[in-house]
Amino acid sequence: MCGIVGYVGDQSALGVVIEGLRRLEYRGYDSAGVAMLADGKLATAKKAGKLANLEALLEESPMAPATTGIGHTRWATHGAPNDRNAHPHVDCTGTVAVIHNGIIENFAHLRAELESRGHELVSDTDTEAVAHLLEEATRGGEVGLADAMRAVCHRLEGAFTLVATHADFPDAVVGARRNSPLVVGRGQGENFLASDVAAFIAHTRDAVELGQDQVVEVRRDGVTVTDFDGNPGEVREYHVDWDLSAAEKGGYDFFMLKEIDEQPQAVADTMLGRLDDDNRLVLDEMRLSDDDLREIDKIIVIACGTSFHAGLVAKYAIEHWTRIPCEVELASEFRYRDPVLTRSTLIVAISQSGETMDTLMALRHAREQKAKVLAICNTNGSTMPRESDAVLYTHAGPEVAVASTKGYLTQIVACYLVGLYLAQVRGTKYGDEIAKVVADLRAMPAKMQRVLDDLEPVRELARDLAGATSVLFLGRHVGYPTALEGALKLKELAYMHAEGFAAGELKHGPIALIEEGVPVITAVPSPRGRSILHDKMVSNLQEVRARGARTIVIAEDGDTTVEPYADVVIRIPQSPTLLQPLLSTIPLQVFACEMAKARGHDVDQPRNLAKSVTVE
Ligand code: M6R
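Everything numeric in this text was worked out from a predicted model, so none of it was measured. (Residues numbered from 1 in each chain as written. Predicted model: local features only at pLDDT ≥ 70, side-chain atom pairs only at ≥ 80, totals over all residues. Heavy atoms only, no water.)

Q: Is there a simple way to think about the site of the ligand in this case?
A: Surrounding the ligand, one finds 15 residues, the nearest of these being Ser 307, Ser 351, Ser 353, Thr 356 and Glu 492. A distance of 2.6 Å separates an oxygen atom of the ligand from a polar side-chain atom of Ser 351. Protein chains bury 91% of the 420 Å² of accessible surface belonging to the ligand in isolation. Looking at the shell around the ligand, the elements with two or more residues in it are α9 (305-322) and α17 (479-494). (Near = heavy atom within 4 Å. Polar contact = N/O pair within 3.5 Å; in protein donor to acceptor, adjacent residues only side chain to side chain. Areas by Shrake-Rupley, 256 points an atom, 1.4 Å probe, with all protein chains shown as cover. Helix = DSSP H or I, 4+ residues; strand = E, 2+ residues; numbered from the N terminus.)

Q: How do you make sense of the packing of helix α15 (residues 444-452) against helix α19 (residues 581-598) when you look at a structure like this?
A: Following both chains from N to C, one finds α15 and α19 inclined at 20°, their axes separated by 9 Å at the closest point. Regarding the angle of α15 to α19, the classification is roughly parallel. The two elements α15 and α19 cross, and the hand of that crossing is right-handed. Side by side, α15 and α19 meet where Met 444, Lys 447, Met 448, Val 451 and Leu 452 of the first sit next to Leu 582, Leu 583, Ile 586 and Pro 587 of the second. Tallied by class, the residues present in the contact of α15 with α19 amount to 8 nonpolar, no polar and 1 charged. (Axes fitted to C-alpha atoms, helices over the stretch in contact; angles between N-to-C directions. Parallel < 35°, antiparallel > 145°, perpendicular 65-115°, else oblique. Left-handed = near helix turned anticlockwise from the far one by under 90°. Contact = heavy atoms within 4.5 Å. Nonpolar A, V, L, I, M, F, W, Y, C, P; charged D, E, K, R; others polar.)

Q: Is there a simple way to think about the pairing of strand β16 (residues 326-330) in this case?
A: Where a strand is regular, its side chains alternate between the two sheet faces. With 5 bridges joining them, strand β15 (residues 298-303) and β16 adopt parallel strand pairing. Its bridge partner lying in β16, Ile 302 is registered against Glu 329. (Pairing = 2+ DSSP bridges.)

Q: Sorry if this is basic, but what is going on with α15 here?
A: Quick reminder: α-helices carry 3.6 residues per turn. Residues three or four places apart thus point the same way. Looking at α15, one finds that the buried residues are Met 444, Pro 445, Lys 447, Met 448, Val 451 and Leu 452. All buried residues of α15 fall inside an arc of 160° around its axis, so they share one side. Against the buried residues of α15 lie α6 (255-261), α7 (263-271), α13 (406-426), α14 (431-442), β24 (568-572) and α19. (Buried < 20%, exposed > 50% of the residue type's maximum accessible area, 1.4 Å probe, protein only. Arc of directions from axis to C-beta.)

Q: Explain the nonpolar core here, please?
A: Buried together is how nonpolar side chains tend to be arranged in soluble globular proteins. If you look at the biggest cluster of nonpolar residues, it comprises 129 residues, and the most contacted ones within it are Ile 299, Leu 490 and Met 595. At 14 residues, the largest contribution of residues to this core is made by α13. Excluding residues within four positions of it along the chain, Met 595 makes contact with Ala 462, Leu 465, Ala 466, Val 471, Leu 490, Ala 494 and Met 496. Val 96, Val 130, Ala 148 and Met 149 belong to the second largest nonpolar core, which has 27 residues in total. (Core = buried A, V, L, I, M, F, W, Y, C linked by side-chain atoms within 4.5 Å.)

Q: In this structure, what is going on with the sheet that holds strand β23 (residues 550-556)? I would like to understand it.
A: The strand order β21-β20-β22-β23-β24 describes an open sheet built from 5 strands, whose pairing is parallel. Looking at which strands have only one partner, the edges of the open sheet turn out to be β21 (497-502) and β24. Pairwise comparison of adjacent strand axes, ignoring direction, gives a mean angle of 20° for this sheet. One ladder, built from 3 bridges, connects strand β20 (residues 470-475) with strand β22 (residues 519-523); its direction is parallel. For Leu 472, the partnering residue across the bridge sits in β22 and is Val 520. Running over the sheet, α17 touches β20 and β21 and is turned about 175° from β21.

Q: Help me understand the packing of α9 against α17 in this model?
A: In a packed pair of helices, the relevant descriptors are the angle between the two axes and the axis-to-axis distance. Running from N to C, α9 and α17 cross one another at 170°; their axes reach a closest spacing of 9 Å. Regarding the angle of α9 to α17, the classification is roughly antiparallel. Taken together, the residues of α17 that come into contact with α9 (itself represented by Gly 305, Thr 306, His 309, Leu 312, Val 313 and Tyr 316) are Tyr 480, Pro 481, Leu 484, Glu 485, Leu 488 and Lys 489. Partitioned by chemical class, the residues of the contact of α9 with α17 number 7 nonpolar, 3 polar and 2 charged.

Q: Please explain the pattern of salt bridges as it appears in this structure.
A: Any two side chains of opposite charge can pair, on the condition that their charged atoms come close. Inspection of every chain in the model, using the stated rule, returns 41 salt bridges. Of the charged contacts, one joins Glu 262 and Lys 406 as a salt bridge, the two residues approaching to 2.7 Å between their closest N and O atoms. With Glu 262 in the loop between α6 and α7 and Lys 406 in helix α13, the pair connects residues that are 144 residues apart, well separated along the chain. Its relative accessible area of 2% is what places Lys 406 among the buried residues. One salt-bridge network, held together by shared partners, links Glu 456, Arg 459, Arg 463, Glu 594 and Lys 597. (Salt bridge = Lys/Arg side-chain N within 4 Å of Asp/Glu carboxyl O.)

Q: Explanation requested: the packing of aromatic side chains in the structure shown.
A: The way to describe two aromatic rings as a pair is by their centre distance and the angle between their planes. Per the stated rule, a full pass over the model turns up 4 aromatic pairs. By the ring-pair criterion, three or more aromatic residues cluster together here, those being Tyr 7, Phe 192 and Phe 200. A cation over an aromatic ring shows up here: Lys 50 above the ring of Tyr 29, its NZ or CZ 5.3 Å from the ring centre. Seen from the ring of Tyr 495, Arg 607 lies directly overhead, with NZ or CZ sitting 4.0 Å from the centre. (Phe/Tyr/Trp six-rings, centres within 6.5 Å; stacked < 30°, edge-to-face > 60°. Lys NZ or Arg CZ within 6 Å of the ring centre and 35° of its normal.)

Q: I would appreciate a short explanation of the side chain of Asn 106 in the present structure.
A: By the element assignment, Asn 106 lies in the loop between β6 (96-104) and α3 (107-116). A polar atom in the side chain of Asn 106 sits 2.8 Å from the backbone oxygen of Arg 155. A distance of 3.0 Å separates the side chain of Asn 106 from the backbone nitrogen of Glu 157, its partner in a polar contact. Setting aside residues no more than four positions away along its own chain, Asn 106 makes contact with Arg 155, Leu 156 and Glu 157.

Q: How should the domain arrangement of the protein be read in this particular structure?
A: When the parts of a complex come together, some accessible area is lost, and that lost area is often taken as the interface size. Taken domain by domain, the protein comprises domain 1 (3-248), domain 2 (259-444) and domain 3 (454-598). Here the C-alpha centroids of domain 2 and domain 3 sit 26 Å apart. The tally of links between domain 2 and domain 3 comes to 0 salt bridges. Applying the counting rule to domain 2 against domain 3 returns 7 residue pairs in polar contact (both at pLDDT 80 or more). Looking at the side of domain 2 that touches domain 3, the elements that each hand over two or more residues are α9, α13 and α14. Looking at the side of domain 2 that touches domain 3 element by element, the count peaks at 9 residues for α9. The residue inventory of the side of domain 2 that touches domain 3, partitioned by class, reads 16 nonpolar, 7 polar and 1 charged. (Domains from an automatic or database assignment.)

Below you can see the structure in the form of structure tokens.
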């Protein structure tokens, strides 16, 4: 949602903070701002729009050199994305500055209370109230900033990461977190606070994961963590297993292009150490015993957006391999329908970021009902793995582009691993059947690379279709989530009407959308194996073509049956149908990316969006 950076050390705080904000800009880019402490005085600068606007402002009006500072990049919730509502927010005296990620639900009440005591609030944000509460709680510098923060946190309702700095305490930055991410970076003679380790990865890979409802004081020489009552807080220290190069574009124009190209490696890394030489699954890290797994009688996958589509793919694989009923639910809907959960229900929460609030709240609801929760997550140190019974990390490395690509394909792989492991533990598949699927899985990175090596026709097609007003995607079986994902990518990046349909549903209404020249993109299942799926898909293709659609068909090498009904054929290597999304998704990602470029959009930072959606 928003990106937060804090720094105390010997370097230029402004330099460190701006560099950190650049790496966090994927979290929000409605405005950016900094607050610096220099010569016992607090100075702020903030500007609507992307970070570049703030940098231009700082060039025009430079700030005094400082070694303590904070910075923020915003995804607006309360108040328009203008200069006035940009963070940091300051108190009446201009001594306290606060930045915030999340929503303070009781802000209207707090604001009225503060105004009745004579405070003047100048923005429309929920955050500004905190600056004034800290002004009162520090009592003109008599009470330390960390103590004041603890007192203020008791007054706040909602989700928040807060980071504050105070002119009377120039050697410290204080943070607090509830339901929203905040990590500490430990350096030599310097320390960092940030929403995500990417902000300080250029300086240190030693991180501290804060717990729920904790306050942290970061000084040059140390870090103190407590709960909101001042008792020592438990934290988890860890070493980040990727480096600066993973968080940089590395010569690509956009992070998304780099992340698309990284997919074969990311998929291989996600399997690494989880398959033994006999192609058996080894998931000791999962923290659920075999007895626990044998007791499961229902699986519910909860997730949002692209991760939800990974869940839809998982359903086909898990039910097929384990015979356990598997439902897939949008996390944002889950807890409001009073789902039937028992101790033998396994909830699989899928989230690249591990911070999506809708998924987190659904996960918590499931745990309250005593269901077991397994998180599939890409971000070490995030909230969901900490709050789950078990975790399976995807090893995709940092995903910076707002549009998820390698995050998605590695989630699908993680779901396959979970399904196969359950089949292994419960004996619903013979060892040699599992070994065959595992061998097929091991072959996928090389096949993905072949898809990536031959995508120029897809780019050309995207440029050719850049003026289209609508694109439809069709799929059957696992091709259906692929169609949904293709449409989501196009909406998100190209800002155009795009819809994914289950191909069989078309004749029940959506076929009315087909008119002369409408592009329809389909991924056709393998003609080998369950050929009935393939044949039905080819029939659907004929139906839309007969009504004037321009058909773009993703089909296996050697499948010539589609050719009479395809205006364009995009070839992918042969694979088992269940694994096909690992291949057929890639051209759709590239298509959306190229379409966005052709339409002049910012591929990495699409309008109105943010990478981690930490509000409900
Ligand atoms: O971090 P998460 O996987 O929980 O994020 C879920 C969605 O917000 C995310 O997948 C979103 O749909 C992507 N921007 C799509 O590309």
